[in-house]
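Residue strings, one per chain:
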Amino acid sequence: MNGRENSFQARAAVAVQDLSKTYWFLEKEAGLSGSLRALLRGKKVFVEAVRQMNLRIQSGEIVGFIGPNGAGKTTTLKMLSGILHPTSGKVEVLGFVPHRREKAFLKQMTFVTGQRNRLFWDLPAAEYFQFCRVMYEIPEVIYHRNLHNLIAMAEIGDILKVPQRKLSAGQRKRCEIVAAFLHDPKVIFLDEPTIALDLINARKIREFIGEKGKEGDRTILLTSHNMADIEQVCPRVIIINQGKIAFDGPTRDLYLLKGFQKQIRIVLEEPRPANAFSGLGQVREMNGPEVWLEVEPARAASIASHLFAHFPVKDIAITDPPLEKIIESIYKTG
Amino acid sequence: MSPWGIESLTGIRRYGRLIRTLMKVSLMRHMAYRPHFFMMILGKIIRMALLFFFFQAIFFQVNRIGDWTFDQVLLLFATFHIADYLISITFHRNLAFGLPRKVQTGDLDSQIILPVNLLFFVSLEDLDMIDFFSFLPTLGFLLYVFYRLDFAFTWVQVLIYILLLANALIFLYAVILLVATTCFWTTQSFGLAVIFDNLMRIGRYPLDIFEGFWKALFIYFLPLVFIAQLPSQALWKTLSWPFILYAFLITGGFLALAFRFWKWGLKSYLSAST
């Protein structure tokens, strides 16, 4: 069937219903004998990478898609972008069924993976940008306008004439992201775009994605193991584990999950014993006049006021628990 | 929808632009390494010369091969290499070796998401423009063979020759696509591609050298006879119309089968982990 689907998608940019993907591989034991056994009578192992997933993402949302290695994140993204056919279930992106690979869909979508390079290895990025112009049929004026803006945002003006093989991983990734945005895609799938990048390059890419996301009509789905990517760019987070969604909600809500405490760090004029803080929260660490308390999120403000009123406070700060810790706990509990 | 997704004049123009871009990129890639570029050209010319000397060496020993005279065999040889270079410039390496590599590494991912017919793109992604340096002398050689044959053929025969040569290219495309597509299940189809490459080379000899089962195999089941023998025979003897029709039908059948097989293969694509 050609054209946009209207069944269950109803205005969502991404709609997924009971989506599953199973694949298989031949199990092989270590060593030459293991290889020989696998060659002659290898055992097929089936893996359910994605299991009965349901998901809706509205146009304009930036969503972090996180999970441990092998959780099914990349497989999901590949089904959403039409690279893989689902084993069962329904997928619609912008009203199209991705694996039908309709031109109108592919021209509105992009997929960038942090671990692969699609640019021409032997040629400068500028040549790949020209190739994109022809491939996506970008009108000359729009192409030059977009290219100019994107080059400035990604800060790659000085490396446009350098062959890709001579660039660092971070520089290459920024060039690739520029190429991915040249045709003004409406839906953007980013698979670990900051992987293996240094702090500066990772920050630049994060800022670039954040800027693009602010343009409003773009839907961005981003996978990352770097929590800074999620915290700084994604207002909504989906946590996937063993092929299933374990959490789906505002990123801020992760900090309110039961069992996770706010951290209050106080620096006093003079040290106090640990029992002086009983009833306020759990003392996690004491280092002379510096004390770390873990408190119930709902009581954090009142406890801070109490500390100000009853202790000689020199400095105080309330912080969320580390996101890594929360997510690790969700991974463990599934 | 046509298998290559080209449905209108605008579509044809767009694909024309894409082919021009791919040709340009291929040339620029080769030119990125200066010594490599010139050595490649030299290598291609040496390859062509060696093949010619090899054939001449055979005819120092024999005057005829089956029904074929020396000049007719030269025609067969030139026709085979015209077909060989044309597929080499265009789809041969892309399908036989490029596709399995991309399936194995998962590099096919970045091509699946391009707004272009995937089969068109993977078939012609890397157009080997350097092979033009071998193709042009081969074309010159073909004209020289025509001269040796005193241009003793009619325009109708030339037309049939061109049509049968086009048929040969389509037949080769279909068979190479069938072989390459197996990589979606086997991940690596290099072995099968090498077997076919070697089989294909049989097509540069008059198939009269084979008898019985092998002759039947190369004429009716894996009709290597389509590659060069049939087009060249069109220039020096009257081919039966039913056999010409048979050649077009079989090629059409192979092509339809290859397209179906490709669609099925693509559905089974599993990519590779990142």
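Conventions used here
- Residues numbered from 1 in each chain as written.
- Chains lettered and ligands numbered in written order.
- Predicted model: local features only at pLDDT ≥ 70, side-chain atom pairs only at ≥ 80, totals over all residues.
- Helix = DSSP H or I, 4+ residues; strand = E, 2+ residues; numbered from the N terminus.
- Rg over C-alpha atoms; globule rule 2.2 N^0.38 Å.
- Buried ≥ 20, exposed ≤ 12 C-beta atoms within 10 Å, placed from the backbone.
- Contact = placed C-beta atoms within 7 Å.
- Expected span 1.5 Å × (residues − 1).
- Nonpolar A, V, L, I, M, F, W, Y, C, P; charged D, E, K, R; others polar.
- pLDDT = per-residue confidence, 0-100.
- Axes fitted to C-alpha atoms, helices over the stretch in contact; angles between N-to-C directions.
- Parallel < 35°, antiparallel > 145°, perpendicular 65-115°, else oblique.
- Left-handed = near helix turned anticlockwise from the far one by under 90°.
- Domains from an automatic or database assignment.

Novice: What am I meant to see in the overall build of chain B here?
Specialist: A tally of regular secondary structure across chain B gives 13 helices and zero strands. Counting helices and strands in the order they occur from the N terminus, chain B gives α-α-α-α-α-α-α-α-α-α-α-α-α. Relative to the globule expectation of 19 Å for 274 residues, the C-alpha radius of gyration of chain B, 20 Å, shows essentially globular dimensions. Structurally, chain B occupies a C-alpha span of about 60 × 45 × 40 Å along its principal axes. Of all 274 residues assigned to chain B, the portion counted as buried reaches 34%. Contacts in chain B between residues at least 24 apart in sequence constitute 81% of all its contacts with a sequence separation of at least 6.

Novice: How should the overall build of chain A be read in this particular structure?
Specialist: Helix and strand content of chain A: 10 helices and 13 strands. Expressed as lengths along the three principal axes of its C-alpha atoms, the size of chain A is roughly 70 × 55 × 50 Å. The buried share among the 334 residues of chain A stands at 38%. Considering only intrachain contacts with a sequence separation of at least 6, the fraction spanning at least 24 residues in chain A is 70%.

Novice: Looking at this model, I keep getting lost on helix H4 (residues 92-105) of chain B. Mind explaining?
Specialist: Three- or four-residue spacings in an α-helix give side chains the same orientation, since the helix completes a turn every 3.6 residues. Residues and elements named next belong to chain B. Helix length check: H4 (14 residues) gives 20 Å between terminal C-alpha atoms against 20 Å at 1.5 Å per residue, within 8%. Those residues of H4 that sit buried are His-92, Asn-94, Leu-95, Ala-96, Leu-99, Pro-100, Lys-102 and Val-103. Where the residues of H4 are buried, they touch helix H3 (70-89), helix H6 (118-124), helix H8 (155-181), helix H9 (183-186) and helix H10 (190-201).

Novice: I'm lost on the interface of chain A and chain B in this one. Help?
Specialist: A common way to report how large an interface is uses the accessible area buried once the components associate. Facing 29 residues of chain A, the contacting portion of chain B comprises 22 residues. The set of elements that each furnish at least two residues to the side of chain A that touches chain B consists of helix H2 (73-80), helix H3 (103-106), strand E5 (109-113) and helix H4 (125-135) of chain A. Of all the elements, H4 of chain A adds the most residues to the side of chain A that touches chain B, at four residues. Its residues placed into classes, the side of chain A that touches chain B shows 13 nonpolar, six polar and 10 charged.

Novice: Before we go on, may I ask you to explain the confidence of the model for chain B in this structure?
Specialist: In regions of low pLDDT, the predicted coordinates are not meant to be interpreted in detail. For chain B, per-residue confidence averages 85 on the pLDDT scale, and 95% of positions sit at 70 or higher. By mean pLDDT, helix H2 (residues 34-61) of chain B is the weakest element of chain B at 75, and H6 of chain B is the strongest at 96.

Novice: In this structure, what is going on with the packing of H3 of chain B against H8 of chain B? I would like to understand it.
Specialist: To describe two helices that pack against each other, one gives the angle between their axes and the distance between the axes. Residue and element names in this part refer to chain B. Interaxial distance between H3 and H8 falls to 10 Å at its minimum, and their mutual angle equals 50 degrees. The pairing of H3 with H8 is recorded here as oblique in orientation. H3 and H8 meet at a crossing whose hand is right-handed. In this structure, H3 contributes Thr-79, Ile-82, Ala-83, Leu-86 and Ile-87 to the contact, and H8 contributes Leu-165, Ala-168, Leu-169 and Leu-172. Broken down by class, the residue content of the contact of H3 with H8 amounts to eight nonpolar, one polar and no charged.

Novice: I would appreciate a short explanation of the domain arrangement of chain A in the present structure.
Specialist: Residues and elements named next belong to chain A. Per the domain assignment, the segments making up chain A are domain 1 (12-255) and domain 2 (260-333). Computed from C-alpha coordinates alone, the two centres of domain 1 and domain 2 are separated by 39 Å. In this complex, domain 1 contributes 10 residues to the contact, which on the side of domain 2 involves 10 residues. Going through the elements one at a time, helix H8 (227-233), strand E8 (236-241) and strand E9 (244-250) are the ones with two or more residues in the side of domain 1 that touches domain 2. In terms of residue class, the side of domain 1 that touches domain 2 is made up of eight nonpolar, one polar and one charged.

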